[in-house]
Amino acid sequence: MKPAAFKYHRPASLDEALALLDQLGPQARLLSGGQSLGPMLNLRLARPEHVIDLNDLTEFAYVRESGDAVEVGGLTRHYQLADSVYVRQHCPLLTQAAMTIGHYAIRQRGTLGGSLANADPVAQLALVAVALDARITLARQGSRREIAANDFFQAAMTTALKPQELLLSVRFPKFKTGEVSAYRMFNRRHGDFAVVAVAATLAVEDGQVQRLRLALSGIAPVPQRVDSVTRQFEGRRPDAQWAMDVAAAVAEAVQPEEDERVSASYRRELAHSLSLSTLTRTLEKLEGVGA
Ligand SMILES: Cc1cc2nc3c(=O)[nH]c(=O)nc-3n(C[C@H](O)[C@H](O)[C@H](O)COP(=O)(O)OP(=O)(O)OC[C@H]3O[C@@H](n4cnc5c(N)ncnc54)[C@H](O)[C@@H]3O)c2cc1C
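Residues numbered from 1 in each chain as written. Predicted model: local features only at pLDDT ≥ 70, side-chain atom pairs only at ≥ 80, totals over all residues. Heavy atoms only, no water.

### As for the site of the ligand
Then comes step 1: The ligand sits among 28 residues. The nearest are L30, S32, L37, T111 and Q124.
Then comes step 2: Interatomic distance of 3.4 Å between a backbone N/O atom of S115 and an oxygen atom of the ligand.
Then comes step 3: Within the complex, the protein chains bury 89% of what would otherwise be the 970 Å² of accessible surface of the ligand.
Then comes step 4: Elements supplying a minimum of two residues to the shell around the ligand: β2 (28–31), α7 (112–118) and β10 (166–173).
Then comes step 5: When residues of the shell around the ligand are assigned to their parent elements, the largest contribution, four residues, is made by α7.
Then comes step 6: Broken down by class, the residue content of the shell around the ligand amounts to 12 nonpolar, 14 polar and two charged. (Near = heavy atom within 4 Å. Polar contact = N/O pair within 3.5 Å; in protein donor to acceptor, adjacent residues only side chain to side chain. Areas by Shrake-Rupley, 256 points an atom, 1.4 Å probe, with all protein chains shown as cover. Helix = DSSP H or I, 4+ residues; strand = E, 2+ residues; numbered from the N terminus. Nonpolar A, V, L, I, M, F, W, Y, C, P; charged D, E, K, R; others polar.)

Written out as structure tokens, the structure reads:
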């Protein structure tokens, strides 16, 4: 099937893109990697009158230091995140998650901005953004605003983006020295979206857990952090028993949603086994196993 007719715009600068958005607002859709919008157009699930292609704004494909954060431009492709030595050094969870997205071709084209704006409930980068309390910068003509990832994702495929705004960049807090992380997902076939996924980071000081962050996707319409659970397990010695206790507490705390494909109890079981395997991996990394 072919898309319904639309007017194609290819702005050469951010100012031009924002001016177009301001003028065309709700009748326009932004095009970044096209990996989600392309199929939606072809299936006529989206029928915008205008498509604004951002691919000439190459200055927004970047990874750079920004104080205590790793700042990533909205047009940065998934493979650039997965390959960046700087990201691996300062925000390894982003590397671990980005390298598992879809297939090679999708990682070559798909972008951070497109993925977050699309807000698939189990998208890897949305999960990482929530797990790490990332700050997202949105721009519209004449103004910019910053929003916490937690507030950005409002429901499945729904975000706080306004029709005149585009997602400009994301600031992911840098890891503490020695902090480790892992990402685990369960999917039915290689390259598919996850059914459930877990991301965790672990910082240890003087042999005790100083900070544990754990977030899940595939449990609710948006990624969820389980701070009320993880807080109880800080200040303890991180070992195999600790990991089993955290995983059991996570599985008890979550309230998975059921759909026609996957039962709530199966999602809970996945929350348990993936939490355990994610935490076990962080413990291995603390010990320098396959770091
Ligand atoms: C077969 C297949 C498998 C996939 N598997 C996975 C997977 O396992 N995990 C995963 O996370 N993703 C997966 N994806 C999706 C992929 O990661 C997409 O690249 C991503 O969801 C959208 O990014 P994009 O740059 O292609 O955005 P586009 O398709 O260009 O746009 C997606 C949406 O975001 C809007 N948009 C784009 N850029 C911006 C911006 N800068 N500001 C505001 N709005 C913007 C568009 O208007 C559109 O509504 C898969 C896709 C396919 C086709």
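More follows now that the structure is in view.
### Quick look at the domain arrangement of the protein
Then comes step 1: The assigned domain composition of the protein is domain 1 (7–53), domain 2 (58–173) and domain 3 (180–286).
Then comes step 2: Distance between the C-alpha centres of domain 1 and domain 3: 36 Å. (Domains from an automatic or database assignment.)

### What to know about the nonpolar core
Then comes step 1: Counting residues in each nonpolar core, the largest one holds 42 residues, and the members touching the most others are L94, L116, I136, F152, F153 and F172.
Then comes step 2: Residue assignment places this core across two domains, with domain 2 (58–173) and domain 3 (180–286) each supplying three or more.
Then comes step 3: I136 has contacts with L116, R145, E146, I147, A149, F152, L167, S169 and V170, leaving out every residue within four places of it along the chain.
Then comes step 4: By size, the runner-up hydrophobic cluster in this structure holds 26 residues, among which are V198, W242, V254 and L274. (Core = buried A, V, L, I, M, F, W, Y, C linked by side-chain atoms within 4.5 Å. Buried < 20%, exposed > 50% of the residue type's maximum accessible area, 1.4 Å probe, protein only. Contact = heavy atoms within 4.5 Å.)

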